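The chain contents come next:
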Amino acid sequence: DAVGIFATSLRHSGLIRATGVTVEGGRVVLKATELAEVNGRVEASRVGGSGGTVEVSARVVTLNGVVEATGTAPSAAGGAIVVSGQAILQGGTLDASGAGAGGSISVVASNLVEQTAVTRIRADGGTGAGGTVRVQATDASAGYVMSSAEISADGASGGTVQVLAPEIRLLAANVLAFLVAFVVSYNGHALLTFSAAQAHGWGVVARFFAVACLSFV
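So, how was this worked out
Each chain has its residues counted from 1, following the order in which its sequence is written. Per-residue local features of the predicted model are confined to residues with pLDDT of at least 70, and side-chain atom pairs are confined, for both listing and counting, to 80 or more; whole-chain, interface and lining totals are unaffected and use all residues. The side-chain quantities take in all heavy atoms of the structure and omit both hydrogens and water. To qualify as a helix, a DSSP run of H or I must reach at least 4 residues; to qualify as a strand, a run of E must reach at least 2; elements of each kind are numbered from the N terminus. Exposure categories follow from relative accessible area, calculated using a 1.4 Å probe and restricted to protein chains: below 20% of the type maximum is buried, above 50% is exposed, and the middle band is partly exposed. Any two residues whose heavy atoms approach within 4.5 Å are treated as being in contact. Method for areas: the Shrake-Rupley scheme with a 1.4 Å probe, in which residue coverage is limited to the protein chains shown. A pair of strands counts as paired when DSSP detects no fewer than two bridges linking them. Helix axes are fitted only over the stretch in contact, all axes being lines through C-alpha atoms; the angle between N-to-C directions runs from 0 to 180 degrees. In what follows, salt bridge is the name for a side-chain nitrogen of Lys or Arg lying within 4 Å of a carboxyl oxygen of Asp or Glu. Nonpolar cores are built from buried Ala, Val, Leu, Ile, Met, Phe, Trp, Tyr and Cys residues. Side-chain atoms within 4.5 Å join them into one set.

1. Focus on the overall build of the chain
If you tally the helices and strands in the chain, you get two helices and 16 strands. Each of the 217 residues in the chain was classed as buried or not, and the buried ones make up 43%. For the chain, contacts bridging at least 24 residues in sequence account for 67% of all contacts bridging at least 6. In the form shown here, the chain has an accessible surface area of approximately 10700 Å², with 60% of it arising from carbon and sulfur atoms.

If you want it as structure tokens, here you go:
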């Protein structure tokens with residue numbers, strides 16, 4: 001009722017399922033010294049339907065598949081998912097939700113955590129409390145989190161989401177804020193600052209937008 005794979009480089013694109021026959025069972029460990037690629041599906045559950053434990057670690061981890069440690073039975077709690085490395089690149093789904101309480105998800109790298117817009121991280125609770133999610137880059141001088149992920153830890157009494165790093169860039173929020181600020185700024189300049197110059201039209205908008213985009217460089 002446990003699966004362990006250890007290698008220098010590890011590439012997974014199929015299905016790994018560990019279903020525990022004891023309370024301590026249902027554990028999957030994927031560990032590589034250099035590269036761990038998870039492009040398939042990993043599932044871990046314990047006896048009684050509660051979520052199991054999944055651990056993925058390597059110097060560089062790429063996650064484009066689905067990792068589940070969900071609690072599916074009535075009132076069952078979600079399990080635990082732990083991803084660690086020097087750099088973690090995620091475009092897939094981590095799910096430790098429970099029909100009862102949510103589980104825990106930890107994505108911790110020393111240098112870089114990068115999560116794309118299709119990344120999903122869920123530690124939701126059903127009838128119980130939401131779970132805990134921690135996304136972190138620990139290096140005090142070079143730690144960097146760049147994320148467009150959808151992260152949730154909802155529940156009957158709420159959960160906890162932490163994003164920790166010396167430098168954090170939440171791309172979806174940045175882009176939305178940029179677009180709102182651009183509209184306000186352009187109209188302010190067009191109607192007030194440069195109103196006498198009659199600076200209007202799509203050509204002016206395009207040039208103003210190009211200059212504003214330099215803030216991302």
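Read on, since the account is not over.
2. Here's the deal with the sheet that holds strand β14 (residues 150-152)
The sheet built from six strands is open, its strands ordered β2-β4-β7-β9-β11-β14 with parallel pairing. The open sheet has two edge strands, β2 (15-19) and β14, and neither has a second partner. Looking at each pair of strands side by side, their axes are set apart by 5° on average, direction ignored. Where strand β7 (residues 66-68) meets strand β9 (residues 93-95), three bridges bridge the pair, whose relative direction is parallel.

3. Some points on the pattern of salt bridges
Per the counting criterion, the structure on display carries seven salt bridges. Across the pair arginine 41 and glutamate 68 runs a salt bridge whose closest N-O atoms are separated by 2.9 Å. Remark: glutamate 68 occurs in strand β7 and arginine 41 occurs in strand β4 (residues 41-45); sequence separation between them is 27 residues. With relative accessibility at 31%, the residue arginine 41 sits in the partly exposed group. The network of salt bridges with shared partners includes Arg41, Glu43 and Glu68.

4. Here's the deal with the nonpolar core
Formed by 33 residues in total, the largest nonpolar core has its most connected members in Ile81 and Ile105. Contributions of two or more residues to this core are made by β2, β3 (27-38), β4, β5 (53-57), β6 (60-63), β8 (80-90), β10 (104-115) and β12 (132-137). In terms of residue count, the dominant contributor to this core is β3 (five residues). Those residues in contact with isoleucine 105 that lie beyond four places of it in its chain are Ile81, Leu94, Asp95, Ala96, Ile121, Arg122, Ala123, Thr132, Val133 and Arg134.

5. Concerning the pairing of β5
The buried count for β5 comes to four of five residues, which makes it a mostly enclosed element. Relative to β5, β3 is paired through five bridges, and the arrangement is parallel. Of the residues in β5, the one forming a bridge with arginine 27 is threonine 53. Across five bridges, the pairing between β5 and β8 is parallel. Of the residues in β8, the one forming a bridge with glutamate 55 is valine 82.

6. Focus: unusual backbone geometry
For serine 75, which is not a glycine, the phi torsion comes out positive at approximately 70°. The class for serine 75 is exposed, based on a relative accessible area of 60%.

7. Things to note about the pairing of β8
Pairing geometry for β6 and β8, over four bridges, is parallel. Across the sheet, the residue bridging to threonine 62 is leucine 89, located in β8. Bridge count for β8 against β10 is 10 bridges, and the pairing is parallel. Residue pairing in the sheet places glycine 85 in a bridge with alanine 109 of β10.

8. Digging into the environment of glycine 51
Inspection of the secondary structure assignment puts glycine 51 in the loop between β4 and β5. Distance in space between the C-alpha atoms of glycine 51 and serine 97 is 8.0 Å, their sequence separation being 46 residues. If near-sequence neighbours (up to four positions away) are discounted, glycine 51 is found in contact with Ala44, Ser45, Arg46, Ala69, Thr70, Gly71, Ala77, Gly78 and Gly79.

Structural measurements only, silent on function.
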